[in-house]
Amino acid sequence: MRFGGKVAIVTGGASGIGAAFARRVHAEGGAVMVADLDVGRGQALAAELGERAAFRPVDVADPAAMETLAADTAAAFGGIDILYNNAGIGCYGLTPDLAIEQWRRVVAVNLDAVFYGCRAVIPHLKARGGGAIVNTASASGLHADYGFTAYNAAKAGVINYTRSLAIDHARDNIRANAVCPGPVDTPILTSGVDAIPGLRAEWEQVVPAGRFARPEEIAAVAAFLASDDASAVTGAAIPVDGGLTAH
Ligand code: NAD
């Protein structure tokens, strides 16, 4: 029961990695605020978890919505100990083909939102004497995936912003770490990959482990980083990628 008495916010919590994290933290005794654009799946997850869980419809790219999310969570559960900035969107397009609005939206959801979340929540973590921030970056933030121009840039930004948070707030007893997944079997990836015959097998070949990860495998590392088991870990960007970035 690593999260007994703890309160966590997870963005992008209605699906994939975020939902797996919510289930894990809840199963280990924590209270969970699920935030997502997807109202149907978010409400269903909160209902499945029952007590110590709630859902708020939030666009993470809206700074005012992130302030409201933090205030609502503290009001509902008595404070905030953990922030998991996990919501994200993909986007394929080489630079000349990428509309400026596409670039802006990818950076807004994948990078700006992490800042908005931390800005809103850090005062609440300080009020509890400290806490943990985990950000979902990507293997695409450690190396560059062909054609994922804006996504690569935003995820690399998340990694160095996480380091910045770690050094700025270490003396506040706040840790900040990033998980860097390789390909994971969730809709953000499979909606594109499975639309093209043979592409899944091709991508799986590129991963040394020979397969996509399950969302629970990423959530397990995020939960470790959010827990006191990682009490001396801050400023880390941990690949959870089946060896993808090892070569
Ligand atoms: P997913 O599609 O299952 O979940 C993403 C969730 O984010 C969805 O529920 C979606 O509604 C939500 N979301 C999207 N935009 C939002 C917004 N503006 N406000 C609030 N919620 C929003 O995919 P996932 O794999 O669980 O993705 C989680 C994170 O993992 C993302 O940051 C993604 O970039 C990252 N990631 C995924 C992979 C992969 O292969 N699946 C690899 C590396 C990194």
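Computed from a prediction, not measured in an experiment: that's the story for all the values here.

Asks: I'd like a description of unusual backbone geometry, backed by residues and values.
Replies: In this model, R52 sits at a positive phi of 65°, which is unusual for a non-glycine residue. Residue R52 is classed as partly exposed on the basis of its relative accessible area of 36%. Its identity is not glycine, yet N173 carries a phi of approximately 65°, on the positive side. The topology assignment puts N173 in the loop between helix 5 (149-169) and strand 6 (174-181). Here N173 falls in the exposed class, since its relative accessible area comes to 52%.

Asks: Can you lay out the site of the ligand for me, pointing to particular residues and giving the numbers?
Replies: As a structural note, the neighbourhood of the ligand is formed by 28 residues, with S15, I17, D36, Y151 and T186 the closest of them. Note that an oxygen atom of the ligand is positioned 2.5 Å from one of the side-chain N or O atoms of T186. The backbone of I188 places a nitrogen or oxygen atom 3.2 Å from an oxygen atom of the ligand. About the coverage of the ligand: the protein hides 92% of its 820 Å² of free accessible area. Considering each element in turn, the shell around the ligand owes the most residues, 3 residues, to helix 6 (residues 187-193). For the shell around the ligand, the class distribution of residues is 15 nonpolar, 9 polar and 4 charged.

Cut-offs applied
- Residues numbered from 1 in each chain as written.
- Predicted model: local features only at pLDDT ≥ 70, side-chain atom pairs only at ≥ 80, totals over all residues.
- Heavy atoms only, no water.
- Buried < 20%, exposed > 50% of the residue type's maximum accessible area, 1.4 Å probe, protein only.
- Helix = DSSP H or I, 4+ residues; strand = E, 2+ residues; numbered from the N terminus.
- Near = heavy atom within 4 Å.
- Polar contact = N/O pair within 3.5 Å; in protein donor to acceptor, adjacent residues only side chain to side chain.
- Areas by Shrake-Rupley, 256 points an atom, 1.4 Å probe, with all protein chains shown as cover.
- Nonpolar A, V, L, I, M, F, W, Y, C, P; charged D, E, K, R; others polar.

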